[in-house]
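So the chains spell out like this:
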Amino acid sequence: AAALDSNDPNYDEILDGEYNLDIYECGTTFRTVRQRAPSYATGHVNIEEAKLSLPEFQKKLSGILHDYFASKDATAAVDEIKDLDCSMYHDELVYRTIKIALDHEESCQGLASSLLTLLYSAHVVTQSQNQRAFEKLIEVWEDLSIDVPNAPEQILKFLDCALCDGIVADNFVTRLPENLLRKIRDADASEFIDVYEQLDELKKFKEHAK
């Protein structure tokens, strides 16, 4: 269907508008230039029978991401992901987007982070799906670091952006394992601003509860 004109009464800025993809440096981490994304914890994703098998979905997603990293055309990437019509694989979508980005330079990782926020804002991916994907990444971060030595730090950067953009809940940091938390403690605080803030809030809450 043709995109709605901005003067159309049914026009929705998030769903029908163009996606502006601006990235700026914050400390040494990448961060999207956006206001905090609208709350969309569960949304109205229709879970129906997949039109593709999981391997087929993974292959098509890899192609979409390859084109996106080259073109930086976020609108096309979001539309192509929507057209796959495989919402039941969107945990895998988020997980695989980050995993593939880890093998690319940081500029592509910034693009991947922006895309995840856009998918959330466009009601394509829910907060629950984002969180399940990060849980999976946290479970396998040690394995990922075999091929990508800085994978733990990069995953934490993705999480930092996710917290900043509101695509995961603030209390998600409570799920971080101790061995990954040590990576945070050993790093410069400017690397993971929002992760640090949420950990600090959690510490204050626990101290107040004593």
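Refer to the structure printed above.
Calculation rules
Residues numbered from 1 in each chain as written. Predicted model: local features only at pLDDT ≥ 70, side-chain atom pairs only at ≥ 80, totals over all residues. Heavy atoms only, no water. Helix = DSSP H or I, 4+ residues; strand = E, 2+ residues; numbered from the N terminus. Buried < 20%, exposed > 50% of the residue type's maximum accessible area, 1.4 Å probe, protein only. Contact = heavy atoms within 4.5 Å. Areas by Shrake-Rupley, 256 points an atom, 1.4 Å probe, with all protein chains shown as cover. Core = buried A, V, L, I, M, F, W, Y, C linked by side-chain atoms within 4.5 Å. Expected span 1.5 Å × (residues − 1). Salt bridge = Lys/Arg side-chain N within 4 Å of Asp/Glu carboxyl O. Axes fitted to C-alpha atoms, helices over the stretch in contact; angles between N-to-C directions. Parallel < 35°, antiparallel > 145°, perpendicular 65-115°, else oblique. Left-handed = near helix turned anticlockwise from the far one by under 90°. Nonpolar A, V, L, I, M, F, W, Y, C, P; charged D, E, K, R; others polar. Phe/Tyr/Trp six-rings, centres within 6.5 Å; stacked < 30°, edge-to-face > 60°. Lys NZ or Arg CZ within 6 Å of the ring centre and 35° of its normal.

Colleague: What's the story with the overall build of the protein in this structure? I'm lost.
Modeller: A count of helical and extended segments in the protein gives nine helices and two strands. Each helix (α) and strand (β) of the protein, taken in turn from the N terminus, gives the series α-β-β-α-α-α-α-α-α-α-α. Here the protein holds 210 residues, and 44% of them are scored as buried. Partitioning the contacts of the protein with sequence separation of at least 6, the portion at a separation of at least 24 is 78%. Of the roughly 11,100 Å² that the protein leaves accessible, carbon and sulfur atoms contribute 47%.

Colleague: Looking at this model, I keep getting lost on the nonpolar core. Mind explaining?
Modeller: Across soluble globular proteins, nonpolar side chains show a tendency to be buried alongside one another. By size, the foremost hydrophobic cluster in this structure holds 53 residues, and its most contacted members are Phe-69 and Phe-134. Contributing elements (two or more residues each) for this core: helix H2 (54-71), helix H3 (74-84), helix H4 (90-101), helix H5 (106-121), helix H6 (127-147), helix H7 (151-165) and helix H8 (178-185). At eight residues, the largest contribution of residues to this core is made by H5. If we skip the residues at most four places from it in the chain, Phe-69 touches Ile-100, Ala-101, His-104, Cys-108, Leu-111 and Ala-112.

Colleague: What is the right way to read H5 from this model?
Modeller: Residues that lie three or four places apart on an α-helix share one face, since the helix turns once every 3.6 residues. For H5, which comprises 16 residues, the first-to-last C-alpha distance of 23 Å matches the rise-based estimate of 22 Å (1.5 Å per residue) to within 8%. With 14 of 16 residues buried, H5 lies mostly within the body of the structure. Of the residues flanking the end of H5, it is His-123, one or two places downstream, whose phi is positive at about 60 degrees.

Colleague: Would you take a moment to explain the environment of Glu-142 for this structure?
Modeller: Here Glu-142 lies in helix H6. Overall, the relative accessible area of 45% leaves Glu-142 in the partly exposed class. Residues Glu-142 and Asn-179, spaced 37 residues apart in sequence, show a C-alpha to C-alpha distance of 9.6 Å.

Colleague: For this particular structure, what's the right way to read the pattern of salt bridges?
Modeller: Two side chains bearing opposite charge may form a pair once their charged atoms approach each other closely. Counted according to the given criterion, the structure contains six salt bridges. Here Asp-91 and Arg-132 are joined by a salt bridge, their closest N and O atoms 2.5 Å apart. Here Asp-91, found in helix H4, pairs with Arg-132, found in helix H6; they are 41 residues apart in sequence, far enough to count as distant. Between Lys-136 and Glu-92 there is a salt bridge; the shortest N-O distance is 3.4 Å. Taken together, the residues span a long stretch of sequence, with Lys-136 in helix H6 and Glu-92 in helix H4 at a distance of 44 residues.

Colleague: Please explain the packing of H2 against H3 as it appears in this structure.
Modeller: When two helices pack together, their arrangement is given by the angle between their axes and by how far apart the axes lie. At a minimum axis separation of 9 Å, H2 and H3 run at an interaxial angle of 170 degrees. Taken as axis vectors, H2 and H3 run roughly antiparallel relative to one another. Here Phe-57, Lys-60, Leu-61, Ile-64 and Tyr-68 of H2 come into contact with H3, specifically with Ala-74, Ala-77, Glu-80, Ile-81 and Leu-84.

Colleague: Whenever I open this one, the packing of H3 against H5 confuses me. Can you help?
Modeller: Viewed as axis vectors pointing N to C, H3 and H5 meet at an angle of 55 degrees, and their least axial separation amounts to 10 Å. Judged on the interaxial angle alone, H5 and H3 are oblique. Relative to H5, the crossing made by H3 is right-handed. Taking contact as the criterion, the partners of Ala-74, Ala-77, Val-78 and Ile-81 in H3 are, on H5, Leu-115, Leu-118 and Leu-119. Across the contact of H3 with H5, the residue classes break down as seven nonpolar, no polar and no charged.

Colleague: Could you clarify how one ought to interpret the packing of aromatic side chains in this entry?
Modeller: Ring pairs (aromatic) are described by centroid distance and by the angle formed between their planes. Scanning the model with the defined rule gives three aromatic pairs in all. Measuring from centroid to centroid gives 5.8 Å for Tyr-68 and Phe-69, while their planes differ by 40 degrees, and the two rings are tilted. Here Phe-134 and Phe-172 contribute two aromatic rings whose centre-to-centre distance is 6.2 Å and whose plane-to-plane angle is 65 degrees, an arrangement assigned as edge-to-face. Of the two residues, Phe-134 is situated in helix H6 and Phe-172 in the loop between H7 and H8; the sequence distance between them amounts to 38 residues. We note that Phe-134, like Phe-172, is buried. The ring of Tyr-95 carries Lys-136 above its face, with NZ or CZ at 4.1 Å from the centroid.

Colleague: How should I be thinking about the environment of Ile-167 in this particular structure?
Modeller: Tracing the backbone through its elements, the reader meets Ile-167 in the loop between H7 and H8. You can call Ile-167 buried: its relative accessible area is 2%. Between the C-alpha atom of Ile-167 and that of Leu-118, which follows or precedes it by 49 residues, the distance is 9.6 Å.

Distances and angles like these do not, on their own, reveal function.
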